Amino acid sequence: VQGYIIENVNPFGSGFFRKASQVKENGEIMGAQVKGVAHAAFNVSDMEKAIKFYEDVLGFEKAFELQHPTTGEPWIVYLHAGGNQFIELFYGGVNGQEYKDENIGYSHLCLEVEDIQKIADQITQAGWVLDSPVSQGMDKNWQCWTHDPDHNRIELMQMEEDSLQCRFLKEHNL
């Protein structure tokens, strides 16, 4: 790879997204097909509790709801998580899975926040538990951990200018 071309892309009429396309040594442009993470999806055991947590504790907004195409029953609730990102909540979850470090697959959802202490206080003031208090991680970002009503692990992270992630983004002009 010779370098990157950075484009400001505005498909939705407000704000912008930065799209990086790789440029090969021969000058050929290889556009990035993946623009970002559109949503994370969770099966939930109690939709009202899940919506209350994501809206009241984390500040998400219910965007819309879909009915099942064959039964017409409530099926999916979309919550806006910021930017182009959503959380999908599916009705009917019944088999909770206990998290273990050695499990294969999903580990946790990480949400970037402006002020780690403010979100930590917001979580505890709403009556929820911090599974891990505010601390600085090995990547130099500030983090704390909680979980949703179905015990899905959630990391909250405040990005620091000298973090490994920010260094990568700066090095690649992203």
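Residues numbered from 1 in each chain as written. Predicted model: local features only at pLDDT ≥ 70, side-chain atom pairs only at ≥ 80, totals over all residues. Heavy atoms only, no water.

Novice: Help me out: how do you make sense of the packing of aromatic side chains in this one?
Specialist: Between two aromatic rings, the relevant description is the distance of the centres plus the angle of the planes. Applying the stated criterion across every chain, the model contains seven aromatic pairs. Taken together, a centroid distance of 5.8 Å and an interplanar angle of 85° make the contact between F42 and Y106 edge-to-face. Here the residue F42 occupies a position in strand β4 (residues 39-43), and Y106 occupies one in the loop between β7 (85-90) and β8 (109-112), the gap between them amounting to 64 residues. Judged by its relative accessible area of 5%, F42 falls in the buried class. Aromatic pair W75 and F90: ring centres 6.1 Å apart, planes at 85°, arrangement edge-to-face. (Phe/Tyr/Trp six-rings, centres within 6.5 Å; stacked < 30°, edge-to-face > 60°. Helix = DSSP H or I, 4+ residues; strand = E, 2+ residues; numbered from the N terminus. Buried < 20%, exposed > 50% of the residue type's maximum accessible area, 1.4 Å probe, protein only.)

Novice: I would appreciate a short explanation of the nonpolar core in the present structure.
Specialist: Note on soluble globular proteins: their nonpolar side chains tend to be buried together. Of all hydrophobic cores here, the largest spans 24 residues; its most connected members are Y54, L58, L89 and L156. Those elements giving two or more residues to this core turn out to be α1 (47-57), β6 (74-82), β7, β8, α2 (116-125) and β11 (153-158). Top contributing element to this core by residue count: α1, with six residues. The contacts of L89, once residues within four sequence positions are left out, are F42, V44, M47, A50, I51, Y54, W75, I76, V77 and L79. (Core = buried A, V, L, I, M, F, W, Y, C linked by side-chain atoms within 4.5 Å. Contact = heavy atoms within 4.5 Å.)

Novice: Which parts of the structure should I look at to understand the sheet that holds β6?
Specialist: The strands that make up a sheet are held in pairs by hydrogen bonds between backbone atoms, and each pair lies either parallel or antiparallel. The four strands are arranged β4-β7-β6-β5 in an open sheet whose pairing can be described as mixed. At either end of the open sheet lies a strand with only one pairing partner, and these are β4 and β5 (61-67). Strand-to-strand twist in this sheet, taken as the mean axis angle between neighbours without regard to direction, amounts to 20°. Note that β6 and β7 share six bridges and pair antiparallel. By the bridge assignment for β7, G82 is matched with Q85. Packed onto the sheet, α1 meets β4, β5, β6 and β7 and runs at close to 160° relative to β7. (Pairing = 2+ DSSP bridges. Axes fitted to C-alpha atoms, helices over the stretch in contact; angles between N-to-C directions.)

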